[in-house]
Amino acid sequence: MHVETPDYKNILVALDPYSSYQPVINRALKLANSDDKLLLVHVTLPYAYFEPYSLEIGQDFVSDMLEKSKKQLTEIANTHGIPADNVYALLGNAADEIHQLAEAKNVDLIVIGTHGQSGLKLLLGSTANSVLHGAKCDVLAVRV
């Protein structure tokens, strides 16, 4: 039986540049044609999530985190021939930000890494699980 592979034109690759991202980007690159658009995104939590430490952390810390994420993603993009304009370092809830970016950029596939957790961690949810359940396009979860 032959299964036809969908032809994706806009692929959003959600990465954690500080973790094992290589299998995720490799899979996205294999799915992409030369004329396809690849977008890279990393989402940082706002400092309010670091309570009760938020007063000590402050906005400068968050700005530094976003700047470092953007730099890391840009280096990854350069390595794989992805234009720097297709790199997004965002602040907020990961799933929400990924969904909003995917809609704004007319993405037809989101590629994201997962650690394949089970049991209690699976019940509590993960970023990949949250992205999957709210996405309006296909989602490929790549085991890392």
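Residues numbered from 1 in each chain as written. Predicted model: local features only at pLDDT ≥ 70, side-chain atom pairs only at ≥ 80, totals over all residues. Heavy atoms only, no water.

**Considering the overall build of the protein chain**
Counting its regular elements, the protein chain contains 5 helices and 5 strands. Each helix and strand of the protein chain, placed in order from N terminus to C terminus, yields the pattern β-α-β-α-β-α-β-α-α-β. The buried share of the protein chain, reckoned over its 144 residues, is 35%. Residue pairs at least 24 apart in sequence account for 76% of intrachain contacts in the protein chain once pairs closer than 6 positions are excluded. Only carbon and sulfur atoms are counted for the fraction: they give 51% of the accessible area of the protein chain, which is about 8800 Å². (Helix = DSSP H or I, 4+ residues; strand = E, 2+ residues; numbered from the N terminus. Buried < 20%, exposed > 50% of the residue type's maximum accessible area, 1.4 Å probe, protein only. Contact = heavy atoms within 4.5 Å. Areas by Shrake-Rupley, 256 points an atom, 1.4 Å probe, with all protein chains shown as cover.)

**Observations concerning the packing of helix H3 (residues 94–104) against helix H5 (residues 127–134)**
Their axes nearest at 9 Å, the elements H3 and H5 cross at an angle of 40°. Of the possible angle classes, the one that applies to H3 and H5 is oblique. Crossing of H3 over H5 shows right-handed handedness. Contacts between H3 and H5 involve Ala94, Ala95, Ile98 and His99 from the former and Thr127, Ser130, Val131 and Gly134 from the latter. A class-by-class count of the residues in the contact of H3 with H5 yields 4 nonpolar, 4 polar and no charged. (Axes fitted to C-alpha atoms, helices over the stretch in contact; angles between N-to-C directions. Parallel < 35°, antiparallel > 145°, perpendicular 65-115°, else oblique. Left-handed = near helix turned anticlockwise from the far one by under 90°. Nonpolar A, V, L, I, M, F, W, Y, C, P; charged D, E, K, R; others polar.)

**Quick notes on the pattern of salt bridges**
Enumeration according to the criterion identifies 2 salt bridges in this entry. Measuring nitrogen to oxygen at the nearest pair gives 3.2 Å for the salt bridge that ties Asp7 to Lys9. Here Glu103 and Lys136 are joined by a salt bridge, their closest N and O atoms 3.5 Å apart. Here Lys136 lies in the loop between H5 and strand E5 (138–143) and Glu103 lies in helix H3, a separation of 33 residues in the sequence. (Salt bridge = Lys/Arg side-chain N within 4 Å of Asp/Glu carboxyl O.)

**What to know about the environment of His115**
Mapped onto the elements of the fold, His115 is located in the loop between strand E4 (109–114) and helix H4 (120–124). Each C-alpha atom of the pair His115 and Arg143 lies 5.6 Å from the other, and the pair is 28 residues apart in sequence.

**Description of unusual backbone geometry**
Within the chain, Asn106 stands out as a residue other than glycine whose phi angle is a positive 55°. Summarising the element assignment, Asn106 is placed in the loop between H3 and E4.

**Side note on the confidence of the model for the protein chain**
When pLDDT is averaged along the protein chain, the result is 83; 79% of the residues meet or exceed 70. Per-residue pLDDT stays below 50 along residues 120–125; that stretch engages in 2 contacts with residues further than four places along the chain or on separate chains. (pLDDT = per-residue confidence, 0-100.)

**Some remarks on the environment of Arg27**
Relative to the helices and strands, Arg27 resides in helix H1 (residues 22–31). Note: C-alpha distance between Arg27 and Ile112 (85 residues apart in sequence) is 9.7 Å. Setting aside anything within four residues of it in sequence, one finds Arg27 in contact with Leu140 and Val142.

**Here's the deal with the sheet that holds E5**
Here we have 5 strands laid out as an open sheet, ordered E3-E2-E1-E4-E5, and parallel in their pairing. Whereas interior strands pair on both sides, the edge strands pair on one side only; in this sheet they are strand E3 (87–91) and E5. If you compare each strand with its neighbour and ignore which way they point, the axes differ by 25° on average. Note that strand E2 (residues 37–44) and E3 share 5 bridges and pair parallel. Residue pairing across strands places Val43 opposite Leu90, the latter belonging to E3. (Pairing = 2+ DSSP bridges.)

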